[in-house]
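Single-letter residue listing:
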Amino acid sequence: MGNVLVVAELAEGGIREASYELVSMARSVAEASGRDVKGLVIGSGVGDAASEFASKGAGETFVVDNEATANYNVDAWNKAIRAAAEKADADVILISNTPLGWDVAPRIAAGLDCAFVSDCFKVEAEGGKLVLTRRIFNGKLDAQVSAEGTVVATVQPGATEPFSGSSEGGTSALDVDFGALRAKFVEVKMAEATGVDLTKADVVVSGGRGVGAPEKFPEVIQPLADALGGAMGASRPVVDAGWLPHAHQVGSSGQVVTPKLYIAVGISGAIQHLVGMKNSNFIVAINKDADAPIFEVATLGVVGDLFDIVPALTEALKAAKG
């Protein structure tokens, strides 16, 4: 039996919160199976970030600090992760289910000739085997995959809470022979930012097709989100209709969120949407259809006209705040 290797991602010079979620999952697997957790930080000038990762749950952390990895390069990351997996004696490699993870994880698995399980929301050690759970058929079913030998897995951001404790373990430089890389970084072109990262919001107020028109979102949904200090989300039909940008979409083809409070306004509750929000801590559903599927997952359901309920709720919140 080997160890668990957690591959960190960087954002604005620091470790992404999703990487600490991986640490939580890795430590749970390690405790149940007798493995150790090892970390990996890749980049250029990343010594401080690696030290932080090591002390906040990742334990012994390998550092690939090289000009070849100053910017993301799939060939360079593939070689770095495979080298770290060998050094760490890792038979479980966890990577966030992000665009970077989508790109590099299958290559690592192919290079190691091992199992690859994508888009997991649960990774557990049971009876000496690794059991990974992922959603299939557009979220209609949960599939459990039992893996033997080495496995590479990508894990949904927001699938678990970030690790918040501390750990002992230093950093050690890992020399990687990159040789002639087939891919070369050219430039980054930033798309115009739209919306917010809903996975970081404590409160999400989402509107569905029942809101009726695009202009009703700034008039009805956004004020409630603002009054609660939260963010505005949407269901897929709203985004498909062009009422809001895709950045606001909650669901299996959008963002998976686990806020403290989720308010679904005018959302019927198609499985595609439920996949993205049903693990929220407290769910309030507002819908005029008493038989809407959203009420099956709601903590509190309100049957009525959203155009009467939501503005009144918004005004009550404003009044309570003085």
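The structure we're discussing is the one just above.
What this report covers is the structure whose coordinates are included nearby.

Reading the values: rules and limits
- Residues numbered from 1 in each chain as written.
- Predicted model: local features only at pLDDT ≥ 70, side-chain atom pairs only at ≥ 80, totals over all residues.
- Heavy atoms only, no water.
- Pairing = 2+ DSSP bridges.
- Helix = DSSP H or I, 4+ residues; strand = E, 2+ residues; numbered from the N terminus.
- Axes fitted to C-alpha atoms, helices over the stretch in contact; angles between N-to-C directions.
- Contact = heavy atoms within 4.5 Å.
- Phe/Tyr/Trp six-rings, centres within 6.5 Å; stacked < 30°, edge-to-face > 60°.
- Buried < 20%, exposed > 50% of the residue type's maximum accessible area, 1.4 Å probe, protein only.
- Salt bridge = Lys/Arg side-chain N within 4 Å of Asp/Glu carboxyl O.
- Left-handed = near helix turned anticlockwise from the far one by under 90°.
- Nonpolar A, V, L, I, M, F, W, Y, C, P; charged D, E, K, R; others polar.
- Core = buried A, V, L, I, M, F, W, Y, C linked by side-chain atoms within 4.5 Å.
- Right-handed = clockwise from strand over helix to strand, strands pointing away.

Strand order across the open sheet formed by nine strands is 9-8-7-10-6-1-4-5-11, with mixed pairing between neighbours. Each having just a single partner strand, strand 9 (141–147) and strand 11 (171–173) make up the two edges of the open sheet. Strand after strand, the sheet turns through a mean of 35° between neighbouring axes, direction not considered. Inspection of the sheet shows strand 6 (residues 90–96) paired to strand 10 (residues 151–155) by five bridges, in the parallel sense. Residue pairing for strand 10: Ser96 is matched across the bridge by Val155. Helix-sheet contacts for helix 4 (residues 99–112) involve strand 6, strand 7 (115–126) and strand 10, and the interaxial angle to strand 6 is about 165°.

Next up on the list: the packing of aromatic side chains. Going through the model one piece at a time under the given rule, you end up with three aromatic pairs. Plain terms: the ring middles of Tyr20 and Phe53 are 5.5 Å apart, the flat faces sit at 65° to each other, and that makes the pair edge-to-face. Here the residue Tyr20 occupies a position in helix 1 (residues 17–33), and Phe53 occupies one in helix 2 (residues 47–58), the gap between them amounting to 33 residues. We note that Tyr20, like Phe53, is buried. On the basis of an interplanar angle of 65° and a centroid distance of 5.6 Å, the ring pair of Tyr72 and Trp77 is categorised as edge-to-face. Here Tyr72 falls in the partly exposed class, since its relative accessible area comes to 29%.

Going through the model one piece at a time under the given rule, you end up with 11 salt bridges. With a shortest N-O distance of 3.8 Å, Asp75 and Arg182 are connected by a salt bridge. Within this pair, whereas Asp75 is found in helix 3 (residues 74–88), its partner Arg182 is found in the loop between strand 11 and strand 12 (203–207), the two being separated by 107 residues in sequence. Judged by relative accessible area, which is 8%, Asp75 ranks as buried.

It is at 9 Å that the axes of helix 5 (residues 216–227) and helix 8 (residues 306–320) come closest, and there the two elements cross at 35°. Seen along the crossing, helix 5 lies across helix 8 with a hand that is left-handed. Of the residues in helix 8, those in contact with Lys216, Val220, Pro223, Leu224 and Ala227 of helix 5 are Leu306, Phe307, Val310, Pro311, Leu313, Thr314 and Leu317. The class makeup of the residues in the contact of helix 5 with helix 8 is 10 nonpolar, one polar and one charged.

The next subject is the nonpolar core. Ranked by internal contacts, the top residues of the largest apolar core, which has 31 residues, are Phe53, Leu94, Val123 and Leu132. The set of elements that each furnish at least two residues to this core consists of strand 1 (3–7), helix 1, strand 4 (37–43), helix 2, strand 6, strand 7, strand 8 (129–136) and strand 10. If you tally residues by element for this core, the top one is helix 1, at seven residues. Leu132 has contacts with Val117, Cys120, Lys122, Val123, Ala143, Gln144, Val145, Ala147, Val151 and Ala153, leaving out every residue within four places of it along the chain. Among the nonpolar cores identified, the runner-up in size contains 27 residues, and Ile81, Ile95, Val176 and Phe178 belong to it.

So, on to the pairing of strand 5 (residues 61–65). Buried residues dominate strand 5, accounting for four of its five residues. In the sheet, strand 4 pairs with strand 5 via five bridges, with the strands oriented parallel. Bridge pairing in strand 5 places Gly39 opposite Thr61. Traced from strand 4 through helix 2 to strand 5, the parallel crossover comes out right-handed. Note that strand 5 and strand 11 share three bridges and pair parallel. Residue Thr61 lies in a different strand from strand 11, and its bridge partner there is Thr171.

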